[in-house]
Amino acid sequence: MLESSVNALYLILELPIFTHCHDKTPHRPAVMADFGFNEHHQNEVINYMRFARSKRALRLKTIDSCFQDLKDSRLIEETYTVDEVSDMLDGLQVLVRGEVEMELINTAHTNVLLLRQLFSHAEKFYLRLQTDISELENRELLEQVAEFEKTDFKPNSKVNQESSKPKLAPLNEGGVSELLQKEISRLQEDNDKLKARLRTLESQAMSALDDKSKAERALKDLQKSQGDHKIAMCAQEIANLEGTVAAMQADFEKTLNANVASQKGLQDSLVSAKHDLLRVQEQLSLAEKELEKKFQQTAAYRNMKEILTKKNEQIKDLRKRLQRYESDE
């Protein structure tokens, strides 16, 4: 009775569902050769088939109890007329039909919830999944599912429920945020390089100042020991050293300005990323509200609402009758 649910799950899991991965190299999981699933997806199929089998067994027990109740309550005589047998079969038909219809409706709604989970995960990564409804009646695939259930799906096998749960990377680590994190890392590396270069320039400036001091002392010594010619050469050397120091100071200021501009650009990127995240979250909220609104407009929802309304009217009528009988007593 739940074969359609298992078939739908099989077709859904054959679709290319992508998850976020931080590794830049492509990863190819080990694929089961018997059914076409990797180990993680095969465990997901087994969990769903266990759920479907438990629901099916419960519904079959309910149907068996309907027949047993008929035997215990109605089959108490040795002979029955045709009308009596027809009446008993009609009552049994109503009960069994109700149980089967309830199970089919529940199966359809369960499949919708399963699709909702998969589509929600896909929409977080801006994916658009497609399904082929015609493949739900593919006899070859149905036989493969049945064979898979007989051979690989064993009730006594232990599956780690926690490890089989889907663990998709959160939205905050993908898309804009991932690019922002990479940009932050790159800017931090550039900042470290600038700091190292700044330390080098500082050491060079200190060395130049030491050379200037040495040159000044040498100039004084030359003024005492040599003539004006050597004094002029020392003055030229001092001027060159002063030009070198000035160039180093200009380079130092330029490096500081570049560092400040990089930090300002990083702050602007962070603010822009936060705005993008808020806009995406708002779009997701609007999409969920629209999906809920569309679901309330579906035929299944209206049918269930109509059934509940009829049941409420029947309950009200029974209460009125009960009050009338109590008042008569």
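What comes next is a walk through the structure. Counting from 1, residues in each chain are numbered in the order their sequence is written. Given that this is a predicted model, residues contribute local features only at a pLDDT of at least 70 and side-chain atom pairs are listed and counted only at 80 or more, while totals for whole chains, interfaces and linings are drawn from all residues. Each side-chain value is derived from all of the structure's non-hydrogen atoms; neither hydrogens nor water enter the calculation.

1. Describing the overall build of the chain
Stated precisely, the cut-off is as follows: Starting at the N terminus, helices and strands are each numbered in turn, a helix being any DSSP run of H or I of at least four residues and a strand any DSSP run of E of at least two. When a residue's accessible area, from a 1.4 Å probe over protein chains only, is under 20% of the maximum for its type it is buried; when over 50% it is exposed; and in between it is partly exposed. By definition, residues are in contact when any of their heavy atoms lie within 4.5 Å. In this description, accessible areas are obtained by the Shrake-Rupley approach with a 1.4 Å probe, and a residue is regarded as covered only by the protein chains that are shown.
If you tally the helices and strands in the chain, you get eight helices and zero strands. Classification of the 329 residues of the chain by burial places 21% in the buried group. Here the analysis covers contacts within the chain between residues at least 6 apart in sequence; of these, 82% occur between residues at least 24 apart. Taken as a whole, the chain presents about 24,900 Å² of accessible surface, with 54% of it coming from carbon and sulfur.

2. Thoughts on the pattern of salt bridges
Rules: By convention in these notes, a salt bridge is any Lys or Arg side-chain nitrogen within 4 Å of a carboxyl oxygen on Asp or Glu.
Taken as a whole and judged by the stated rule, the model has eight salt bridges. Where K212 meets E242, a salt bridge forms, and the shortest distance between an N and an O atom there is 3.8 Å. Remark: E242 occurs in helix 7 (residues 228–296) and K212 occurs in helix 6 (residues 176–225); sequence separation between them is 30 residues. You can call K212 partly exposed: its relative accessible area is 24%. Of the residues examined, E242 reaches a relative accessible area of 41% and is grouped as partly exposed. Here the salt bridges share partners, and the residues they tie into one network are R59, E99 and E103.

3. Regarding the packing of helix 2 (residues 39–73) against helix 3 (residues 82–124)
Helix-helix packing is characterised by the crossing angle of the two axes and by the distance between the axes. Here is the rule we go by: Working convention: axes come from line fits to C-alpha atoms, limited for helices to the stretch in contact. Angles between N-to-C directions cover 0 to 180 degrees. Any angle that falls under 35 degrees is termed roughly parallel, while one over 145 is termed roughly antiparallel, one within 65 to 115 roughly perpendicular, and all others oblique. Two helices cross in a left-handed way if the nearer one is turned anticlockwise from the farther one by less than a right angle. They cross in a right-handed way if the turn is clockwise.
Packing of helix 2 against helix 3 leaves a shortest axis separation of 10 Å and a crossing angle of 170°. With respect to each other, helix 2 and helix 3 are oriented roughly antiparallel. Note that helix 2 runs across helix 3; the crossing there is right-handed. Between helix 2 and helix 3, the contacting residues are Y48, F51, K55, R59, T62, I63, C66, F67 and L70 on the first element and M88, L92, L95, V96, E99, V100, M102, E103, N106, T110, N111 and L114 on the second.

4. Re the nonpolar core
Cut-off, in case you're wondering: As used here, the term nonpolar core means buried Ala, Val, Leu, Ile, Met, Phe, Trp, Tyr and Cys residues forming a set that is joined through side-chain atoms within 4.5 Å.
Counting residues in each nonpolar core, the largest one holds six residues, listed as A215, L219, L222, C234, I238 and L241. Look past the residues within four positions of A215 in its chain and what remains in contact with it is I238 and L241.

5. A closer look at a nonpolar patch on the surface
Filter applied, for reference: To count toward a patch, a residue needs a relative accessible area over 30% and no salt bridge; like charges are then connected within 9 Å, while nonpolar side chains (Val, Leu, Ile, Met, Phe, Trp, Tyr) are connected within 5 Å.
The grouping of V112, F295 and Y301 at the surface amounts to a nonpolar patch, some 260 Å² of accessible area in total. With respect to the helices, strands and loops of the structure, Y301 is situated in helix 8 (residues 299–328). Given the relative accessible area of 32%, Y301 is considered partly exposed.

6. Some points on unusual backbone geometry
Unlike most non-glycine residues, Y126 shows phi in positive territory, near 60°. Looking at the element boundaries, Y126 is found in the loop between helix 3 and helix 4 (139–151).

7. A few points about the packing of aromatic side chains
Condition: A pair of Phe, Tyr and Trp rings is counted when the ring centres sit within 6.5 Å of each other, with Trp represented by its six-membered ring. The angle between the planes then sorts it: under 30 degrees is stacked, over 60 is edge-to-face, the rest tilted.
A full pass over the atoms with the stated rule returns one aromatic pair. Considering the side-chain rings of Y48 and F51, the 6.2 Å spacing of their centres and the 45° angle between planes classify their relative orientation as tilted. Of this pair, Y48 and F51 both sit in helix 2, separated by three residues, roughly a single helical turn. On the accessibility criterion, F51 (38% relative accessible area) is partly exposed.

8. Focus: the layout of surface pockets
Applicable threshold: Cavities and pockets were defined on a 1 Å grid built over protein atoms only: a cavity is a set of grid points that admits a 1.4 Å probe from which the probe cannot escape, a pocket is an open set flanked by protein on both sides within 12 Å along at least five of seven lines, and lining residues are those with an atom within 4 Å of any such point. Grid points are joined across faces, edges and corners, and a volume is the space filled by probe spheres set on the points. Throughout, the ten residues Ala, Val, Leu, Ile, Met, Phe, Trp, Tyr, Cys and Pro are labelled nonpolar, Asp, Glu, Lys and Arg are labelled charged, and all others, Gly among them, are labelled polar.
Considered as a void within the structure, the second largest pocket measures approximately 620 Å³ in volume. If you trace the second largest pocket, you find 17 residues lining it, with R116, S120, E288, L291 and E292 closest to the centre. Elements with a minimum of two residues in the lining of the second largest pocket: helix 3 and helix 7. At nine residues, the largest contribution of residues to the lining of the second largest pocket is made by helix 3. Split by residue class, the lining of the second largest pocket holds eight nonpolar, three polar and six charged.

9. Looking at the environment of A208
Checked against the element boundaries, A208 lands in helix 6. For A208 and T244, which are 36 residues apart along the polypeptide, the C-alpha to C-alpha distance reads 7.8 Å.

10. Describing the side chain of E99
Tracing the sequence through the fold places E99 in helix 3. Non-local contacts of E99, meaning those with residues more than four positions away in its chain, are made with R59, T62, I63 and C66.

11. Digging into helix 4
What counts here: A helix is expected to span 1.5 Å for every residue after the first. In this description, the arc belongs to the directions extending from the helix axis to the C-beta atoms. Polar contacts here mean pairs of N or O atoms no more than 3.5 Å apart (in protein, one a potential hydrogen donor and the other a potential acceptor; neighbouring residues in sequence count only if both atoms are side-chain atoms).
Its 13 residues give helix 4 an end-to-end C-alpha distance of 18 Å, which sits within 8% of 18 Å, the value for a rise of 1.5 Å per residue. Of the residues making up helix 4, those classed as buried are L141, L142, V145, F148 and E149. One face of helix 4 carries all of its buried residues, which in axial projection span an arc of 120°. Of the exposed residues in helix 4, those oriented more than 90 degrees away from the buried face are R139, E140, E143 and K150. The opening residue of helix 4 is N138, an N-cap whose side-chain oxygen sits 3.0 Å from the backbone nitrogen of E140.

Keep in mind these values describe shape, not function.
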